[in-house]
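If you want the building blocks of each chain, they are given just below.
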Amino acid sequence: MDDLLLEYSADPKNSELNFELAVAYKDLKHYAAACSYFLRCAEWAQLPEDRILVYEALLQMSVCFRELGNREWSEEGWLLHAVSLIPERPEAYWLLSLLYERQRKWQECYMFAVIGLNCPKITYHLKNDIGYESSYVLEFQKAVAAWWIGRFSESRMIFMTMPDRFRLSERYVQLVQHNISSIGVGPCEFDYYDRSKLQKFRFKFPGIENIESNYSQVYQDMFVLAMLDGKRNGYYLEIGSSDPFHVNNTWLLEKEFGWKGISIDINEHDVEVFSKSRKNACVCRDATTINYSRFLTGIGAPADIDYLQLDCEPPATTYKILTSIPFEIYRFAVITFEHDYYVDASRRYRDLSRKFLKSMGYELVVNNVSPDDKSSFEDWWVHPALVDSKILKSMYNVDDKVKCAEKYMLGG
Amino acid sequence: MIVPHEMAHGTGQMNPSILVDGDKIAVNIRNVGYVLVHSENEQRFPSRWGPLTYTHPENDHTLRTFNFYMELDSNYNPIRIDPVDTSKLDVPPLWEFIGLEDARLVRWDGRLYMSGVRRDTTTNGVGRMELSEIIVTDDKVREVSRLRIESTNPQSYCEKNWMPILDMPYHYVKWSNPTEVVKVDFEKKAAVTVFTAQKALSGFRDFRGSSQVLPFGNHRIALVHEVDLFNNELGQKDAYYYHRFLVWDKDWNIVAMTDDFNFMTERVGFSCGLAIVNDKILMPFGHQDNSSYLLEIPKIVLEGLIHG
């Protein structure tokens, strides 16, 4: 700072030096001083030659006022100067969109994100980081604002496709994930089985003829029974049970096939309803904090458990729980693992879970299971020593495609 | 000179004063809650309110002043920075300018004082100079007494920028052109005029007080400021500040002055202090009300004013 000041005092109208001094003050969070020199930079620079430097100085003025807080009218003013100077650059539109987001002016937030997205590709980057990572930050703003102006489908579509369309920074992976988790995936699609579909069923196991309808979202309960040839009196560990009936993977097993087992969920209400209405037990716990070895020993679970369901959110959480299961002590004949690839902003946990389960000796039977043709959200696994190889062969369907669960289960 | 963000919260640090106090170099920096925005040159980028704007928080337009006491080592690096604790004497403010503004440091009769203007004691912002004694201990700087000095003209609305005369306890140069010297009458809590020059120098803007008045050989010296206040074509206010040194003889005749100047080509700046250390003159100044600096000038440069 001292050297810079000496240099500055010899040439105080030098726009570059004013900018450098301003940045030095901003780094010290001395925003008032930074504003002085950013503005001097802007006022004393040569235009149009130095327009990008001036544009950046004006953006930085706005950032300084943002950091000081409670000066949004000023913050907006400097951004409008910047837009007026170079309307074809996106950064000012992004900062305006952020400002309107804070003010909950969603129409404006959306509009400036859209304008920013229509700017030509940047060929010259600013000297200092203002947080504008790439055009995806504008996509993100558009998605956020779209939600609040009621464009729910558009908002979800942007969030869910961002990880595939952009190479997101870790920060934006987290932000996208947070938003997907917050707004959810929207109205759930279900593919229920009923007796009318019996003839088309891929593997008709003993007892299927008595099933009027199932309860899982996409045939998970029917898959378990198929893989175990309609096993009766089996045992399950259900992590993330949610509602005890609707979209539940173990109710059919308990009700029609006499299974025992234990369910775990973090939602107190769901657990209360479950406990009042079903015979099998459900405990209210944070599944990420359980010592499963001690837990399973405590409830007297058998060493070979017929079914493990893992369905928590977000994907990182489900994966974390998977890795805390004592696979060296317990074996699971069938596993349905919800990796939620289609809403996993990091796009990491599907591959990680596959590597992990393979390393534990499990075999993938069907991958990229989806309620439709595009939303890869689960993989279904078996332990080869605990299932009939003929059934395994008949149910096997592993490739790169997304599989609509109903088409797969009725493919026989 | 920077008061860290944790203490000053990133807003303006301005109008510094300085005092060589024994073996210490003491500084006072005024911290305000606004950011001054001043467009220069062609004024291509004025704020939304005009070229000269005090940017307060949008829900708080009070002008609050906090003072920070700093000590510098011989290389002018800060060795301590403390907020001046005024809590013992503060009362609920009645006007929107709150706190002691533009305080000059002075030691008189062994006591260390800050002397500046306060405008928060009446509902219409009447400003009067105050003399606040401060005590500096190892871990704290506290205001322990406060005297509000009534003006020689009780009708005046705002008295400010009186320049304490370092070698004349409780005396100020109240006005520089024509020079008026006042003394504090502690019993009456008022200033009494002890000298008024008969003639003003003509052809100058008003000379307003800036630094303290320092003995300078057989003379006295001080920094004063001048202001051009004007409006642009939209009627929005603007201002240019200028500074100059004045030299008085022992009879308070102005015998020399510099040309007017500014700091680092800024249009808005201010100083509340001046000090002499050996062969150097130390002059702190505030830049656009936002940041503070310390300028070192060889003493011989100013001596040339008198003898040259």
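**Q** Could you give an account of the domain arrangement of chain A, naming the residues involved and the relevant values?
**A** Residue and element names in this part refer to chain A. Assigned domains within chain A: domain 1 (2-183) and domain 2 (195-409). Once you take the C-alpha centre of each, domain 1 and domain 2 turn out to be 46 Å apart. Across the boundary between the two partners, domain 1 contributes eight residues, which contact seven residues of domain 2. Going through the elements one at a time, helix H9 (152-165) and helix H10 (170-183) are the ones with two or more residues in the side of domain 1 that touches domain 2. Here the side of domain 1 that touches domain 2 takes five residues from H10, the largest share from any one element.

**Q** Explain the packing of helix H7 (residues 106-117) of chain A against helix H8 (residues 136-148) of chain A residue by residue, including any values.
**A** Residues and elements named next belong to chain A. The contact between H7 and H8 brings their axes to 8 Å, and the two run at 150 degrees. With respect to their mutual orientation, H7 and H8 come out roughly antiparallel. H7 and H8 meet at a crossing whose hand is left-handed. Residues Trp-106, Cys-109, Tyr-110, Ala-113, Val-114, Gly-116 and Leu-117 of H7 touch H8, and the partners they reach there are Leu-138, Glu-139, Gln-141, Lys-142, Ala-145, Ala-146 and Trp-148. Considered class by class, the residues forming the contact of H7 with H8 number 10 nonpolar, two polar and two charged.

**Q** Lay out the packing of H8 of chain A against H10 of chain A with the relevant residues and their values.
**A** When two helices pack together, their arrangement is captured by the angle between the axes and the distance separating the axes. Residue and element names in this part refer to chain A. As a packed pair, H8 and H10 sit with axes 11 Å apart at the nearest point and diverge in direction by 15 degrees. Comparing the axis directions of H8 and H10 gives the class roughly parallel. As for the relative orientation of H8 and H10, their crossing is left-handed in sense. Between H8 and H10, the contacting residues are Tyr-136, Phe-140, Val-144 and Trp-147 on the first element and Tyr-172, Leu-175, Val-176, Asn-179 and Ile-183 on the second.

**Q** A description of the pairing of strand E20 (residues 254-257) of chain B should follow, citing residues and the corresponding values.
**A** All names here are of chain B. Pairing between strand E19 (residues 237-248) and E20: three bridges, direction antiparallel. Within E20, the residue paired with Val-247 across the bridge is Ala-256. Hairpin connection between E19 and E20: a loop of five residues separates the two successive antiparallel strands, and Trp-252 in this loop has a positive phi of roughly 65 degrees.

**Q** Summarise the interface of chain A and chain B; cite the residues concerned and give the values.
**A** Each partner contributes to the interface: chain A provides 26 residues, whereas chain B provides 24 residues. Tallied by class, the residues present in the side of chain A that touches chain B amount to 12 nonpolar, seven polar and seven charged.

**Q** Talk me through the sheet that holds strand E6 (residues 363-370) of chain A; I want residue IDs and the actual numbers.
**A** Picture the strands of a sheet paired through backbone hydrogen bonds; they go either parallel or antiparallel. All names here are of chain A. If you walk across this open sheet you meet the eight strands as E3-E2-E1-E4-E5-E7-E6-E8, and the pairing is mixed. Among the strands making up the open sheet, the edge pair consists of strand E3 (281-284) and strand E8 (403-404). Here strand E1 (residues 235-239) runs beside strand E2 (residues 260-265); their pairing, made up of five bridges, is parallel. Paired with Leu-237 across the two strands is Ile-262, which belongs to E2. Where helix H15 (residues 315-323) meets the sheet, it contacts E1, strand E4 (304-310) and strand E5 (331-338), and its direction lies at approximately 160 degrees from that of E4. Set on the sheet, helix H16 (residues 349-359) makes contact with E5, E6 and strand E7 (378-382); between it and E7 the angle comes to about 5 degrees.

**Q** Would you mind going over the nonpolar core in detail, with residue names and values included?
**A** Cys-35, Phe-38, Cys-41 and Leu-58 of chain A together with Ala-222 of chain B are the most contacted members of the largest nonpolar core, which has 189 residues in total. Counting only domains with at least three residues in this core, you end up with domain 1 (2-183) and domain 2 (195-409) of chain A. Excluding anything up to four places from it in sequence, Cys-35 of chain A contacts Met-61 and Cys-64 of chain A together with Val-35, Val-37 and Asn-290 of chain B.

**Q** Please set out the sheet that holds strand E14 (residues 179-185) of chain B residue by residue, giving values where relevant.
**A** Taken together, four strands build an open sheet; the order of strands is E12-E13-E14-E15 (chain B) and the sheet is antiparallel. Looking at the sheet topology across the chains shown, the edges are occupied by strand E12 (163-164) and strand E15 (190-196) of chain B.

**Q** Give me H8 of chain A: which residues, what numbers.
**A** Residues and elements named next belong to chain A. Along its 13 residues, H8 runs 19 Å from first to last C-alpha, staying within 8% of the 18 Å computed at 1.5 Å per residue. In terms of burial, H8 is largely enclosed, as 12 of its 13 residues are buried. By the burial criterion, the buried members of H8 are Tyr-136, Val-137, Leu-138, Glu-139, Phe-140, Gln-141, Lys-142, Ala-143, Val-144, Ala-145, Ala-146 and Trp-147. Buried residues belonging to H8 abut helix H6 (91-102), H7, H9 and H10.

**Q** Summarise the pairing of strand E6 (residues 78-85) of chain B; cite the residues concerned and give the values.
**A** Residues and elements named next belong to chain B. Bridge count between strand E5 (residues 63-72) and E6: five bridges; the pairing is antiparallel. Residue pairing across strands places Glu-71 opposite Arg-80, the latter belonging to E6. With antiparallel pairing between neighbouring strands as the criterion, E5 and E6 make up a hairpin whose turn holds five residues, including Tyr-76 at a positive phi of roughly 70 degrees. Direction of pairing for E6 relative to strand E11 (residues 141-148): parallel, over a ladder of two bridges. If you follow Asp-85 over to E11, its bridge partner there is Arg-142.

**Q** Pulling in residues and values, what's your account of unusual backbone geometry?
**A** Note: most residues except glycine have negative phi, and most peptide bonds are trans. Note that the residue after Leu-47 of chain A, namely Pro-48 of chain A, is joined by a cis bond; omega there is 5 degrees. Positionally, Pro-48 of chain A belongs in the loop between helix H3 (31-44) and helix H4 (51-68). The omega angle of the peptide bond from Glu-313 of chain A to Pro-314 of chain A is -5 degrees, so this bond is cis rather than trans. Mapped onto the secondary structure, Pro-314 of chain A falls in the loop between E4 and H15. The phi angle at Ser-242 of chain A is positive, at roughly 60 degrees, despite the residue not being glycine. You will see that Asp-289 of chain B, though not glycine, has its phi angle at about 65 degrees, which is positive. You can see Asp-289 of chain B is positioned in the loop between strand E23 (280-287) and strand E24 (291-298). Asp-289 of chain B gets classed as buried once you count the C-beta atoms within 10 Å, which come to 24.

Parameters at a glance
Residues numbered from 1 in each chain as written. Chains lettered and ligands numbered in written order. Predicted model: local features only at pLDDT ≥ 70, side-chain atom pairs only at ≥ 80, totals over all residues. Domains from an automatic or database assignment. Contact = placed C-beta atoms within 7 Å. Helix = DSSP H or I, 4+ residues; strand = E, 2+ residues; numbered from the N terminus. Axes fitted to C-alpha atoms, helices over the stretch in contact; angles between N-to-C directions. Parallel < 35°, antiparallel > 145°, perpendicular 65-115°, else oblique. Left-handed = near helix turned anticlockwise from the far one by under 90°. Nonpolar A, V, L, I, M, F, W, Y, C, P; charged D, E, K, R; others polar. Pairing = 2+ DSSP bridges. Core = buried A, V, L, I, M, F, W, Y, C linked by C-beta atoms within 7 Å. Buried ≥ 20, exposed ≤ 12 C-beta atoms within 10 Å, placed from the backbone. Expected span 1.5 Å × (residues − 1).

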